[in-house]
Structures are given as C-alpha cells and as structure tokens.
Amino acid sequence: MSEGPSGYNIGYLDEQTKRMIRRALLKAVAVPGFQVPFASREVPMPRGWGTGGVQVTAAIIGPDDVLKVIDQGADDTTNAVSIRSFFAAVAGVRTTTRTGEASIIQTRHRIPETPLAEGQTIVYQVPGPEPLRFLEPRETETRRLHALADYGLMYVKLYEDIARYGHVATTYDYPVMVAGRYLMAPSPIPSFDNPKMHRNPALQLFGAGREKRIYAVPPYTDVESLGFEDHPFEPQRFDDPCAICGSVGVYLDEVITDDVGGSMFVCSDTDHCERAANSDTNTATANTATANTATADAVDTVEVTA
Amino acid sequence: MSGARPLLQVRDAGHRYGDRWGCRGVDLDLWPGEVIAVVGESGSGKSTLLGTLSQRLSLTEGSIRYRAADGEAADLSEIGESAVRRLWRTEWGFVHQDPADGLRMHVSAGGNVGEPLMATGWRHYGRIRAAAAEWLRRVEIPVDRIDDAPVTFSGGMRQRLQIARNLVVSPRLVFMDEPTSGLDVSVQARLLDLIRSLVAELGLAVIIVTHDLAVARLISHRTLVMKDGRVIESGLTDRVLDDPQAAYTQLLVSSILQG
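Residues numbered from 1 in each chain as written. Chains lettered and ligands numbered in written order. Predicted model: local features only at pLDDT ≥ 70, side-chain atom pairs only at ≥ 80, totals over all residues. Heavy atoms only, no water.

Draft legend 1. A look at the environment of Val168 of chain A. All names here are of chain A. Relative to the helices and strands, Val168 is located in the loop between α5 (152-165) and β6 (176-178). The class of Val168 is buried, set by a relative accessible area of 19%. For the pair Val168 and Lys157, spaced 11 residues apart in sequence, the C-alpha to C-alpha distance is 8.9 Å. Every residue in contact with Val168, bar those within four places of it in the chain, is listed here: Leu158, Asp161, Ile162 and Tyr174. (Helix = DSSP H or I, 4+ residues; strand = E, 2+ residues; numbered from the N terminus. Buried < 20%, exposed > 50% of the residue type's maximum accessible area, 1.4 Å probe, protein only. Contact = heavy atoms within 4.5 Å.)

Shown next, in the form of structure tokens:
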C-alpha cells in the first residue's frame, strides 16, 4: 500500500478501485465517445458534486502531478476549493490556479480560456452522460441506438428548437459527434466551449459518478457539434468585453452588483481574468474598485500543501 | 422484373410466448403493391403474426424472406438487427392501433413527420420542414398545425399523422395494426378512404390486421382468416367474404350486423 500524507491511500481510493477505474478509462480512450460503465464508489462528497470527476482524478493522479480545479471557470468557488484541498490532503500533490502549470485540470461546466497543451489532462464532472435521455427514457433502447449509430432522434431535438425559437436554443451540454461515430454529451459546458474540444491536444476524460459512466476523447480527436446544413452549429457570442480585464472572445458571467438591477459581465475564467488584468492595467481602470475585490480572492495562485 | 417475384415470403412461421404458441404454421406470399388483410377475433394471433412479420417479435420457427429494394432476397432472421432496423427506417412502415405508440406525443407534428427523414440522413431543416408540410397536406391536417404536438390533436388527426410519419420515407411495405378501430364511424370512413388512395397512388404493399370485415372488404385484395393462432382460410377477399368455406369464417361473416 502506498500511503499518502493523510493516512489514506494516495488519491483516497484503494488500489483495486483505481485499477478498476483505469481499466474503464483505457476502454473509454480506445473507443472515443463510448460510455463505459464502471463501479462508481462513494467518495466523501455528495453525488452530484463531482464524484465522477473526483474518482477519475483519483485514479490518474500521482505525486508529480499539479492539479487545478475549476467550477464554472472559477478557481475560488466552494466546490473547486474543497476538491483542490481534498487532493492536496489525500494525494499530497501540488495545486495551482494557473491553467498552463497544471498537469490535471478537473472542471465543472467550463474549459479554460488558455488553450490546453499536449500532456495535460482535463477531467470533466458529468451529471448526465446520456445525450438521448430526455428523448428516449429507456436505457436499453439508448444503448441500442448508440450500438447501431441510430441518431435521428437527436436531430428531432434540434428541429424542435428551430421550429419553436427560430434557432437552436440549446446553449449548454450541446450534443457532439465524436470521431464520426458516437454521439456524446459534452457535460454542461456552454456551447461557447464546444469548438475547443475539437482536435484538442489534451486528453479529455469524463466521469459521471451517480450514473456510473466514464467516457473519453483522446488528443486530436474530431468533435463535431451537431447542426443542420441551413442552421449550422453556432457557439454563443458576447458583444461586450469583460468589465474587469477587458478581454474579448471569452465566456462571460453576469454578476449582480446591487439590488436595483445593476450588473456587469466578467470573465468566468478567474485565472484568465486575473492574468489579463495584470498584463494590461489600462483597460481595467474603469472598473478598478470591482477589479480589486474580484482579484483579491484569487491572489494566492499556487498553493503547496504537504 | 421485381413485380414477378414476391416481396415477402413466409414459410411455416410461428412465434411462441413461453410454452404457448401465439401463431404457428403461417405460409404467406406478399407481392409488390398487394394489400392483405388478416382478420379474426380477439386473441386469434393476428397482432402476434404482424409483430413477427415486422420483426418486432422474434421468429420462433419457420422463415421470412424479404426482397429489398436492391432486388436481393434475404432471410430476416439472418441479416442481423442493424439491417432490420435499416429496413424499419427506409423500407417499412408500422401503423399502430394507438397513435401514442407510434408518435412522440410531445414533439411537434413537423418533428414527428421529420424524424424518419432525419434518421435516414436528411440534414437540411428547410427541406425537412417542407417535406413534413407536404405530408400534412396529403393526410388532410391543416399545415398551420405543424408546430403543435399530437397531444393537442383529435384521435383521427393523430392517426393520420401517424400514417404521414410512416409514409414520408416512401416505404415499400407497411404493416397496419387495427388502424381504424377506436375512431368513430365517419372518421373511420375518411381514414380508410385516405389509406386506400395513398396505397393506390404509392403502390404500397400492405398487411393490415383488423377485426372489422368491412375494412378488409374495402381495402384488401386478399384476406387471411385466423383462429387460435392458425390461418384457417385464405383467398381473394371477395371470395372469402362471399363464399366462406371454413365453418368459423361462415360464423364470422354471418355475425355482421345487417343495418
């Protein structure tokens, strides 16, 4: 047994469990987009808080890894902070908030703005791995549809959106086709992030703890968002720059600033926002006050925990 | 000349539920463009036979050979599930007695008719919608209902929508399970009229299950009479209904209320 600093086995899970998860991961990487069942275990957090992602991370993390955890793009939200300190305690790894420094990035709902590189692994927390679930409630039937690559049903959903709203109104968990074969739910990332999955140099792993499924997109794999010829896939767009750092072409969150309807749009990726604000202070002057409070939380960029 | 060869060749077909036979020993040849009615009382194995022929139920014994559009005849139990599903999507239709079984009740009418097209690779929204609108017109559903879900439709409209959904991919063979029962008589008459004209227009081969001899008389060329899972009489519809040979057929024909 390789005991970690906390008295738990390294990564919290026992070695047999990690081997079981690694076997599922190998199969998932070998068949991109295919949902591999695995024996999901309990981890010390409630189902729905990222237990699938935590188990995948636990199975692949080693003492040399540097871990970044984000929740809705932010490093400083409850879920991100607690998972980061969990692995710092049970695996003794270095943690960071810098995307470029991390070897493993566990994420909920976002892909970082900084492009991922070869050698990095991004682990998605997945609440619902089955893209066909709300159209076909029977698991036996959805599995058969995947086996036969019978995906007309998914287009019915897109058709309904266009018929009702004039455009595809799905803005998150937008279905994708992986390597031209398997239909896959990209986890609830905004459709803004979908293009980043296509031929990404990093290894992308997906863990759904409650639904007991693991799937994967290996580096440089085609990931195509579905669409019609006359209504092609269009990611969300933002017209205004980030109110703190002035970045354009990034995903923005609306932040309520008072109780009379005031709000501002700021980067959801706190790491990106902070670095952009530091490198170009001019654009941030207009919002100095808010910038200070927002970045203050994310100042301790590298936490080393023993 | 595919017209000279049968579309469907059934030999000694049977389906067993546990230790009980639902239907057994059925021989049948269906020719392109032909309409065959299967009549009989409740529990006589009509629907089991239809389910077996359409491969929704497994074939316990016997063989079913289907001649596909490319002219190749294949044994359905040998071509595999993937190929059978392709037949469902491209060459076959199945009209259920209850439209709720054949439609997605909370998806719009346009989506329901468009789904088989999307399943066969149509990826142009405008063309899918145009095809759906055209089929709604053909089955006499007002085109301005295209974005309404079938839950808001009347029984007759639902059944017509189900027919449109089945015919939109231009199938060669359509299975119908009691398509008119559950509708009131005037709606039944209009639906039969519609089915009859579409069948003639498109040259469809149809196997229709019904307990209503008037339906058989109206739209079928040949009739099979079933009782206790066996075919007890078959022949041209007019011959079977006007000159029934089997005792049970005679009983069935004489049971019609004369109005």
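Let's pick the thread back up.
Draft legend 2. A look at the sheet that holds strand β10 (residues 223-225) of chain A. Residues and elements named next belong to chain A. In spatial order, the strands read β7-β6-β10; together these 3 strands make up an open sheet with antiparallel pairing. Both edges of this open sheet fall to β7 (182-184) and β10, since each of them pairs with a single strand only. Averaged over all neighbouring strand pairs, the angle between strand axes comes to 30°, with direction disregarded. As paired elements, β6 and β10 share 3 bridges and run antiparallel to each other. Considered in β10, the bridge of Met177 is made with Glu224. (Pairing = 2+ DSSP bridges. Axes fitted to C-alpha atoms, helices over the stretch in contact; angles between N-to-C directions.)

Draft legend 3. Fine view of the interface of chain B and chain A. Contact residues are listed per partner, giving 22 residues for chain B and 19 residues for chain A. Buried area between chain B and chain A, summed over both chains or domains, comes out near 1800 Å², and the portion from carbon and sulfur atoms is 57%. Together, Arg85, Arg123 and Tyr125 of chain B form the three largest contributors to the area buried by chain B at its contact with chain A, with a combined 39%. Applying the counting criterion to the chain B and chain A interface returns 4 salt bridges. (Buried area = accessible area lost by both parts, 1.4 Å probe. Salt bridge = Lys/Arg side-chain N within 4 Å of Asp/Glu carboxyl O.)

Draft legend 4. Local environment of the pairing of strand β11 (residues 252-256) of chain A. Residues and elements named next belong to chain A. As paired elements, β11 and strand β12 (residues 263-267) share 5 bridges and run antiparallel to each other. Note on β12: the bridge partner recorded for Leu252 is Cys267. Joining the antiparallel neighbours β11 and β12 is a turn of 6 residues, in which Gly261 adopts a positive phi near 95°.

Draft legend 5. Up close: the domain arrangement of chain A. All names here are of chain A. For chain A, the domain assignment lists domain 1 (15-225) and domain 2 (252-305). Each partner contributes to the roughly 1400 Å² buried at the junction of domain 1 and domain 2, and carbon and sulfur atoms together form 37% of this total. At the boundary of domain 1 with domain 2, the tally comes to 2 salt bridges. Applying the counting rule to domain 1 against domain 2 returns 9 residue pairs in polar contact (both at pLDDT 80 or more). (Domains from an automatic or database assignment. Polar contact = N/O pair within 3.5 Å; in protein donor to acceptor, adjacent residues only side chain to side chain.)

Draft legend 6. Expanded view of the pattern of salt bridges. One pass over the structure, following the stated rule, counts 41 salt bridges over all chains. Glu115 of chain B is paired through a salt bridge with Arg104 of chain B; the nearest N and O atoms lie 2.8 Å apart. Pair noted here: Glu115 of chain B is in helix α4 (residues 109-119) and Arg104 of chain B is in the loop between α3 (99-102) and α4, with a separation of 11 residues, a long-range link. Residue classification places Glu115 of chain B among the buried residues on the basis of a relative accessible area of 9%. Each of Arg98, Asp271, Glu274 and Arg275 of chain A takes part in salt bridges that share partners, so that together they form one network.

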